[in-house]
Amino acid sequence: MKKELKIIGKPTPKLDARIKVSGEAVYGNDITLPNMLHGAILRTKYPVAKIESIDVSKAAQLPGVVCIITADDVDTNNISYLNDHPVLKKGEVNCIRDEIAAVAAETREIAQKALTLIDVKYKVKEGIFDPFEALKEDAPIINKFAPANNDKNIAHPFHYEHGNLQEQKDRSACIVKKRYNLPRVTHCCMGTCAVTADYSKMENRLTLYSQTQMPFLYQRDMAYTLKMEPSRIRIIQPIIGGGFGSKLDMYPYEPICALLAMKAGQPVQIAYDREEEFLASPTRQTMVIDISSGADKNGKFTFREVKIIMDNGAYTSWGATTPFVMMQTFSSLYQLPACLFEAYAVYTNNPYAGSFRGYGNPQATFAVERSIDLLAEELGMDKAEIRLLNANFKGEITGQRLEFISCGHRDALEMVIDKSGFDGKHCSTGVSQATQQNMKNSRSDTLVACGMSLKYESSSDKSVASTIFQRNSERYKRGIGLASMVHVGGGAKIYPSDGCGTTVKLDNFGYLTIITGSSEIGQGSETVLGMIASEELGIDMKNIRVINTDTDVKPWDVGVHASRTSFVAGNSLLGAVKKLKNKLSSKAVQLLETDIEDLEYENGLIKSRKTGESIKTDKVVREIHFREPNELCEESYYYEPDSKFQDKGFKGNVSGTYAFAAQAIEVEVDTYTGNVRVLDVHVAQDVGKVLNPLGLEGQIEGGVVTGMGYALTEELIIEKGMVLNPSFHDYKLPTAGDVPDIHFYPIETNDPKGPYGAKGVGEAPLIPTAPAIANAVSDAIGIKIDDLPITPEKVLKALKERIV
Amino acid sequence: MNFNITTPETTQELLAQISKHQENNFRFGAGYTDLLLELKKQPDEDLTVINLAQLNDEHFTSISELDDGIRVGTLVTANRITYNEVLEKRYPVLYEAASKLASRQIRQVATIGGNLCTASPAGDIACALVALEARCEMLKTDGTVIVVPIDDFFVGVKKNCLLKNEILRSIIIPSNSENSKLYSGFIKVGTRCSMEIAVVSLAYHIQSDENGKITKAGVAIGSVAPTIKFAKSASEYLIGRSYTSIGTSKAEEFATKVLEYTLPISDIRASAWYRKEALFNISKSIFESN
Ligand SMILES: Cc1cc2nc3c(=O)[nH]c(=O)nc-3n(C[C@H](O)[C@H](O)[C@H](O)COP(=O)(O)OP(=O)(O)OC[C@H]3O[C@@H](n4cnc5c(N)ncnc54)[C@H](O)[C@@H]3O)c2cc1C
């Protein structure tokens, strides 16, 4: 018998919503400690240079400056998983972010001023800013700490294959070969990077108030870098103003802050302003993807052969391992008999990339889904039909040995095809594009020029009404595009454990404290955990607290990544709650004189269904605490997903389960300005089971908008290693007014392993967005889109070239 | 960023402060949306900001009717322009430019004077005022007032014609001809809906008589030259024609004339090629309801 759920699946406001909206929340940048100093970092002026000398004497004399450090003053290990990144750079710089010196001073202004007084003599050198140049034989070695066993300037090579490639090529009726260029975008967290370090010399104890999303790996990395015992380091996570993957790695500013605090003997805070955030925080991998993909005459996919060159930048971060996720998409998104995949993270003197929500999958899915449209066009097949024909299915074990124990791929595709009216809207073959174009009409309801709708601002923007001309349907072309994705949905086994620990403590007033290893970075995980406990124990949400910010207190967890928190921390919590419930139930059966099966937890009561008698839960706790044998109402549990490590060939079921999603997106292209307006986004996502609809909506909408920025407007522009647009003025994050209507249709596949059937949802919503938009633009105006972002200029150029 | 600030409340105090600082480094501050960004980039120096925000002088703060037009004080904010129904009805181009500036939050403080004095080639309100052939009224420390046509106000990239002992007090927008039919609007090209600096902009204010003949026309373009430009020959091209009978080829002739005034640059926002191409297209688009 299926129990009816009381709170799971019901819209529940986030636990931290009030303090965030009211401004009460204390973010990393808000922390102040007694006697705290402000740190600032001197970064190189040139991306590549020899450092001939550093003179800090003038800066040291500035009143208010407490200490200054350079590489010569510190003894540290390199950071990054390849150990190729010195904290402070000595003798040379290789990237515009490079840290040369750091100052701690009484105020931020004094620290900034001191930086201007440090005299560095550089001998500027030529750099390498193109990964293909870096691969050439005569290229110099860019990172001298790079792993010795790789070919020159390759930080990390990947190779994957399954099936018989040649055989599949021979069977193909059609093969499409393409090169795609994917841009460098960045997270744009509203809370800029900030860390506060507090060191006690007496106790040899370092406390870091850090925004990390991986506190336990961070603790270990910090200890290794500073050559300290990990247990001497305590990580406290203040409220985090956005992570999106940017806080997966530890970056040099963090150990630098600790080093300053140790030297000064006072707490130190380093907080970036927005410009430094753009210059010095990580980006998504920019990459060049060469892909050829095939299909047989019926449209069944035959093979994908992929070679990817990723610009690693000067140092390595976790982001270099994105091929690990990409190969899942290339090998297993849609049924595929054969796949050959190679990827190389290549050193250049560009700013280094990091990890970013989606972790390579937005790039991989772009390549796969764009190519599918081209295959369909070549074969003269319907773009929806070819996808449905090849869709993944429940029970499928893919060439990479991913096991799809539940699978909403086909359902998701069918849902968005149906809801968007895809069949009636798109150009079926791409052949008769021009004639179909003319039939498609532009909107005539709004009149704002140049595709600049003012959606959220329209009440004051009566300009709409005063514009006197009508839209011309020749000018505005509409199109619709389809794309889907697969992503890990039950954690990812890449570390010795993919587990999470939880302790639950029920006090004798009936309040529940959940101490979870997992972290809240704004994604709403503590709310979901609260809901799960509330569901199981019948305790009101307002009587539940989640403690998740202190490594001295909370049990181990890998961290927030791979869309894993609700799945892994949720299952872990369920395990702990089950133990706690056993304890409560054994007492309650005595008090209610009934048996365990008869008990029901509801409204702070434990009830007997048979007799209708009930007892307050807190009373049961008191009976346990205060009567012999006097026990605590506290239980712990460690959950480890049953996923497997992959073998050397990257085969194996790496996640507890997998999430699927599809999007159909309608756009309108202004052929006069090249502007692309996203009109309607239809999202269907296999979420397993909806836990908190409100939180889920937030994830979907946020993801889609991130995907839109990736598709259309965002790019961190780098020229010869320099960042050209380090501000929100020129880094075009979409604004509220750009957000289209987003229609969301959850697909519930009730995963057998997920908590209540749920699977990971966090990364999926942005992954199909860019290819769906690109496919829509191509559908609208018949041009091929191989590069992102699809800027007005690129559109106008392509249109122009087509005409002549 | 460090500066002294002084806040005159009367015209007299204002002029006294300007006189007092003639030998020093000083700036005016109105809504500060341009000024603070600029000061942030400069090294600390001995700077005084004369804060205009508390000034009680109707010439600076009000929108008032004159015999031959409307006076708009330089301290009027973009939002106030968008809330003013008279401006909206008579000068849609100004109304639209103001409502497309930045975002509502910025518009709440950004002033028309700041927009003009910054003299950015991308100034939205400034572009509309050039199309309207407005006049700039400047006050000198000795109390005298000089009026210059707006086209003379801009002298180079981010340079206006004000002398150190002058301040811009108000803008005078000439009246529309009686019984004229208006074709007036502001087109801004950029990638986002708000918080966007124009990559190209076009302001037009065209009036025709009861027979449909165009009697007056003002066309101005932004972000395609070192300053905002009044496209004189394009404006003149329209005189005597009937707005509603301008078809594709005439529209393109008009657009070609608009392009004569461009001297665009390529930068990270757009290439010179794009700016011209988009400008050509939006220029011809204004007749496309025909
Ligand atoms: C995020 C953002 C977005 C923006 N978007 C746009 C946009 O879309 N379109 C656009 O046109 N602009 C935009 N701007 C620029 C700016 O908001 C406008 O130019 C605004 O109108 C300036 O007005 P202000 O009152 O803030 O000027 P302030 O910053 O106070 O002053 C600007 C300059 O004018 C001088 N000044 C001010 N008043 C007078 C006066 N009466 N006499 C003499 N000199 C004076 C000041 O000394 C200063 O040099 C944007 C700015 C920001 C920060």
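Nothing here was measured: the structure is a model prediction, and the numbers come from that model.

Asker: Describe the domain arrangement of chain B, and please don't skip the residues or the numbers.
Answerer: Residues and elements named next belong to chain B. Per the domain assignment, the segments making up chain B are domain 1 (58-174) and domain 2 (181-285). Taking the mean C-alpha position of each, domain 1 and domain 2 sit 20 Å from one another. Listed by partner, the interface residues are 29 residues for domain 1 and 26 residues for domain 2. Between domain 1 and domain 2 lies a buried interface of about 2000 Å² when both sides are counted; carbon and sulfur atoms form 67% of it. Ranking the residues of domain 1 by area buried against domain 2 places Pro121, Cys127 and Ala131 at the top, with a combined share of 25%. We note a salt bridge from lysine 188 to aspartate 124, for which the minimum N-O separation is 2.7 Å. For the side of domain 1 that touches domain 2, the secondary structure elements donating two or more residues are helix 5 (85-90), helix 6 (92-99), helix 9 (124-131) and strand 8 (154-156). The element best represented in the side of domain 1 that touches domain 2 is helix 9, accounting for 6 residues. When the residues that make up the side of domain 1 that touches domain 2 are grouped by side-chain class, the tally is 18 nonpolar, 4 polar and 7 charged.

Asker: Describe in detail the state of the cysteines, supporting the description with residues and values.
Answerer: All names here are of chain A. For the structure shown, the criterion picks out 0 disulfides over all chains. Not engaged in a disulfide, the cysteine cysteine 189 finds its nearest cysteine sulfur in cysteine 193; these two sulfurs lie 7.2 Å apart. The buried category is assigned to cysteine 189, whose relative accessible area is 1%.

Asker: Explain the site of the ligand residue by residue, including any values.
Answerer: Near the ligand, the surroundings consist of 34 residues, among which Phe28(B), Gly31(B), Thr33(B), Asp34(B) and Thr111(B) are the closest. The environment around the ligand is built from residues contributed by chains A and B. Contact distances for the ligand include 2.5 Å between an oxygen atom and a backbone N or O atom of Phe28(B). One nitrogen or oxygen atom from the side chain of Thr33(B) is found 2.6 Å from an oxygen atom belonging to the ligand. With the chains in place, 92% of the 980 Å² that the ligand exposes on its own is no longer accessible. Residue contributions to the shell around the ligand peak at 5 residues, all from helix 8 (residues 112-118) of chain B. For the shell around the ligand, a count of residues per class yields 18 nonpolar, 11 polar and 5 charged. Counting residues domain by domain, the shell around the ligand receives three or more from each of domain 1 (58-174) and domain 2 (181-285) of chain B.

Asker: So what's going on with the pattern of salt bridges? Residues and values would help.
Answerer: Pairing between side chains of opposite charge can happen when their charged atoms approach one another. Residue and element names in this part refer to chain A. Counted according to the given criterion, the structure contains 57 salt bridges over all chains. The partner of aspartate 290 in a salt bridge is arginine 179, with the nearest N and O atoms 2.8 Å apart. Here aspartate 290, found in strand 13 (residues 286-295), pairs with arginine 179, found in strand 8 (residues 174-182); they are 111 residues apart in sequence, far enough to count as distant. You can call arginine 179 partly exposed: its relative accessible area is 41%.

Asker: Account for the nonpolar core, naming residues and giving values.
Answerer: Residues and elements named next belong to chain A. If you look at the biggest cluster of nonpolar residues, it comprises 122 residues, and the most contacted ones within it are Ile289, Ile308, Phe330, Phe341 and Ile773. What isoleucine 773 contacts, discounting residues up to four positions off in sequence, is Ile665, Val667, Val678, Met708, Ala711, Leu712 and Ile790. Residues Leu206, Met250, Leu260 and Tyr315 belong to the second largest nonpolar core, which totals 42 residues.

Asker: Can you lay out the packing of aromatic side chains for me, pointing to particular residues and giving the numbers?
Answerer: For any pair of aromatic rings, the description rests on two quantities: the centre-to-centre distance and the angle between the ring planes. Per the stated rule, a full pass over the model turns up 20 aromatic pairs over all chains. Measuring from centroid to centroid gives 5.6 Å for Phe330(A) and Phe341(A), while their planes differ by 35°, and the two rings are tilted. Placement of Phe330(A) in helix 9 (residues 323-332) and of Phe341(A) in strand 15 (residues 338-347) is noted, with a sequence separation of 11 residues between them. Ring centres of Tyr243(B) and Phe287(B) lie 5.2 Å apart, and the angle between their planes is 50°; this geometry places the pair in the tilted category. Placement of Tyr243(B) in the loop between helix 11 (232-238) and helix 12 (248-259) and of Phe287(B) in the segment after helix 13 (272-285) is noted, with a sequence separation of 44 residues between them. According to the relative accessible area criterion, Tyr243(B) is buried, its value standing at 1%.

Asker: Go over the layout of surface pockets with me, naming the residues and quoting the values.
Answerer: Residues and elements named next belong to chain A. One number sums up the size of the second largest pocket: a volume of about 660 Å³. Along the wall of the second largest pocket there are 22 residues; nearest its centre are Lys3, Glu4, Leu5, Glu536 and Lys581. Of all the secondary-structure elements, those providing two or more residues to the lining of the second largest pocket are helix 16 (525-537), helix 17 (565-592) and strand 20 (599-602). Counted by class, the lining of the second largest pocket contains 6 nonpolar, 3 polar and 13 charged residues. Built from parts of two domains, the lining of the second largest pocket gets at least three residues from each of domain 2 (394-490 + 649-803) and domain 3 (499-639).

What counts as what
- Residues numbered from 1 in each chain as written.
- Chains lettered and ligands numbered in written order.
- Predicted model: local features only at pLDDT ≥ 70, side-chain atom pairs only at ≥ 80, totals over all residues.
- Heavy atoms only, no water.
- Domains from an automatic or database assignment.
- Contact = heavy atoms within 4.5 Å.
- Buried area = accessible area lost by both parts, 1.4 Å probe.
- Salt bridge = Lys/Arg side-chain N within 4 Å of Asp/Glu carboxyl O.
- Helix = DSSP H or I, 4+ residues; strand = E, 2+ residues; numbered from the N terminus.
- Nonpolar A, V, L, I, M, F, W, Y, C, P; charged D, E, K, R; others polar.
- Disulfide = S-S within 2.5 Å.
- Buried < 20%, exposed > 50% of the residue type's maximum accessible area, 1.4 Å probe, protein only.
- Near = heavy atom within 4 Å.
- Polar contact = N/O pair within 3.5 Å; in protein donor to acceptor, adjacent residues only side chain to side chain.
- Areas by Shrake-Rupley, 256 points an atom, 1.4 Å probe, with all protein chains shown as cover.
- Core = buried A, V, L, I, M, F, W, Y, C linked by side-chain atoms within 4.5 Å.
- Phe/Tyr/Trp six-rings, centres within 6.5 Å; stacked < 30°, edge-to-face > 60°.
- 1 Å grid on protein atoms, 1.4 Å probe; cavity = no way out; pocket = protein on both sides within 12 Å on 5 of 7 lines; lining within 4 Å.
- Points joined across faces, edges and corners; volume = space filled by probe spheres on them.

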